[in-house]
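Residues per chain are reported as follows:
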Amino acid sequence: MKLAYWMYAGPAHIGTLRIASSFKNVHAIMHAPLGDDYFNVMRSMLSRERNFTPVTASVVDRNVLARGSQEKVVENITRKDAEEHPDLIVLTPTCTSSILQEDLHNFVERAQIESKGDVMLADVNHYRYNELQAADRTLQQIVQFYIEKARRKGELPEGKTANPSVNIIGISTLGFHNQHDCTELKRLMADLGIEVNTVIPEGASVSELKKMPQAWFNLVPYRELGLTTARYLEEQFGTPYVDITPMGVVETARCIRKIQQVINAQGADVDYEEFINEQTLYVSQAAWFSRSIDCQNLTGKKAVVFGDNTHAAAMTKILSREMGIHVVWAGTYCKYDADWFREQVSEYCDEVLITDDHGEIGDAIARVEPSAIFGTQMERHVGKRLNIPCGVIAAPIHVQNFPIGYKPFLGYEGTNQVTDLIYNSFTLGMEDHLLEIFGGHDTKEVITKGISAESDLNWTKDGLAELNKIPGFVRGKVKRNTEKFARDRGIKDINSEVLYAAKEAVGA
């Protein structure tokens, strides 16, 4: 068994709670022991929510284990129903409480008898699904629950809206720049003359779900969340969906052309080519910037990309296809969807890496020594240790990934934000070099630990003094080469003489 102290995707119940807390007037009951109830704190701190997180822990303690938990869970559901008057209460266990193998379907049926609002169980396998898979599955379950309920009552609207309309599926709490992306997508749809029928789950009421079949098509901007719901709606109502992420100039244009094809097939008569041309030339600065002298200085520089499927694939294409940057390897932690990722990025990078082991990613970065990293917060920490700049492009997220200012990654404004991120990630690496030349307040000490935390080498005082004389922008590379030289020869203490010998060995 391997101890995990960094997880790219959390356990299944986190995904379920993200969906439940995204909807308006929906409450979640988490059947869990103490220690599994950290979601409330995480959501409040990271996403800067103004309101209390609508999640209640039904704690499994020794008393519950002794006499069974049905009475306590049902009591917590009915109490929250009376106090909060939610439209829906979602019950979810955690992987820990799932060990008890209780009949939670029966708990829900019991609670429904006394509750005015709806009660449902998030039916997710907590041992086989991670956070992203569970979120996708839970969203589909809730949509299906309310569409079937409306169908039974004869309240399901018939036909499509009079004008072209769209459901935007997959905007959720704790999503990477989701709120800003949603605003940009709404603006884009308005510019295209397309009405927004619903946006789910963030900010939506469950009462709106029955009108989802009225949309002309569904837009799924993130591969991780919404595809299962879109496929369900296509199967039940024949609603087509567009799953091209509009990130970068090329993919945004491809997404718009696909939308044009989908709505024209249903009787519309639109041509978006002039719009695409105008946005590319005048709203987005990315196309112009990619041909400027600043961007030409980046041509051929090495970069690595890692993240979820959506953002890692999109960023790999932007770097390689739009900016001429050499992507040495691109990777994702979405192992369950690895085939799709390989298909998307194989022609734009030298190597594809599929893993959720952060140590393996850190070593892969150290091995190729890129000029810049584009990854998650974990890769940002790796970059700090290796003195390599990193632009954060995907979850897992930090509070800094919920900026107060407007920073979408999607659409034409998103192309400007992404271009700035790419350019600044490369150029900021020159700061240490400038401080070396002109002097300044740089007091940063050299990091002596290897990225795998397995280094048994010791830098002597005179060795560190010589290493500190080397310009900062190449210091990390010299340090790693010296340590490799010493390790190959069984040298434990690295002094100035070992440093000079290593430089001579590589012809430096």
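A brief report on the enclosed structure follows. (Residues numbered from 1 in each chain as written. Predicted model: local features only at pLDDT ≥ 70, side-chain atom pairs only at ≥ 80, totals over all residues. Heavy atoms only, no water.)

So, about unusual backbone geometry. For the peptide bond that leads from Ile 200 to Pro 201, omega is 0°, which places it in the cis range. Turning to its location among the elements, Pro 201 is positioned in strand 6 (residues 195–201). A cis amide bond links Ala 395 to the next residue, Pro 396, at an omega of 10°. Positive phi, close to 60°, is recorded for Asn 25, a residue that is not glycine. For Asn 25, the position within the fold is in the loop between helix 1 (12–22) and strand 1 (26–32). In this structure, His 177 is a non-glycine residue whose phi angle is positive, near 55°. (Helix = DSSP H or I, 4+ residues; strand = E, 2+ residues; numbered from the N terminus.)

Together, Asp 269, Asp 271, Glu 274 and Glu 278 line one region of the surface with negative charge. With respect to the secondary-structure elements, Glu 278 resides in helix 10 (residues 273–283). (Patch = residues over 30% accessible without salt bridge, like charges linked within 9 Å, V, L, I, M, F, W, Y side chains within 5 Å. Areas by Shrake-Rupley, 256 points an atom, 1.4 Å probe, with all protein chains shown as cover. Salt bridge = Lys/Arg side-chain N within 4 Å of Asp/Glu carboxyl O. Lys, Arg positive; Asp, Glu negative; His and termini not counted. Charge placed at Lys NZ, Arg CZ, Asp CG, Glu CD.)

When you line up the elements, Ser 21 lands in helix 1. Residue class for Ser 21 comes out buried when judged on its relative accessible area of 5%. Note: C-alpha distance between Ser 21 and Gly 117 (96 residues apart in sequence) is 16 Å. Sequence-distant contacts of Ser 21, that is, excluding residues within four places in its chain, are made with Phe 39, Arg 43, Thr 53, Pro 54 and Thr 173. (Buried < 20%, exposed > 50% of the residue type's maximum accessible area, 1.4 Å probe, protein only. Contact = heavy atoms within 4.5 Å.)

Glancing now at a nonpolar patch on the surface. A surface patch of nonpolar side chains, about 320 Å² in accessible area, is lined by Leu 281, Tyr 282 and Val 283. Turning to its location among the elements, Val 283 is positioned in helix 10.

What follows deals with the sheet that holds strand 6. An order of 6-5-7-8 is seen for the four strands of this open sheet, with the pairing classed as parallel. On the outer flanks of this sheet lie strand 6 and strand 8 (241–242), each paired with one strand and no other. Here strand 7 (residues 217–219) pairs with strand 8 via two bridges, running parallel. The residue bridging Leu 219 from the neighbouring strand is Val 242, located in strand 8. (Pairing = 2+ DSSP bridges.)

What follows concerns the state of the cysteines. Here, disulfide denotes a covalent bond that connects the sulfur atoms of two cysteines. Overall, the coordinates contain zero disulfides when judged by the stated rule. With no disulfide of its own, Cys 95 lies 19 Å from the sulfur of Cys 334, the closest cysteine sulfur. Here Cys 390 stays free of any disulfide, with the sulfur of Cys 334 as its closest cysteine sulfur at 17 Å. (Disulfide = S-S within 2.5 Å.)

Here we come to the pattern of salt bridges. Here the structure, examined in full by the defined rule, presents 17 salt bridges. Close ionic contact of Arg 223 with Asp 337 constitutes a salt bridge, the shortest N to O distance being 2.5 Å. Of the two residues, Arg 223 is situated in the loop between strand 7 and helix 8 (227–237) and Asp 337 in the loop between strand 10 (326–332) and helix 14 (338–345); the sequence distance between them amounts to 114 residues. Here Asp 337 falls in the buried class, since its relative accessible area comes to 16%. One salt bridge connects Asp 356 with Lys 335, and the closest N-O pair in it is separated by 3.8 Å. Residue Asp 356 is located in the loop between strand 11 (351–354) and helix 15 (358–368), and its partner Lys 335 is located in the loop between strand 10 and helix 14; the two are separated by 21 residues in the primary sequence. Asp 356 gets classed as partly exposed once you look at its relative accessible area, which sits at 41%. Residue Lys 335 is classed as partly exposed on the basis of its relative accessible area, which comes to 47%. Through salt bridges that share partners, Arg 79, Lys 80, Glu 83 and Glu 84 make up one connected network.

Note that every value here comes from positions in space, so none of it alone points to a role or purpose.
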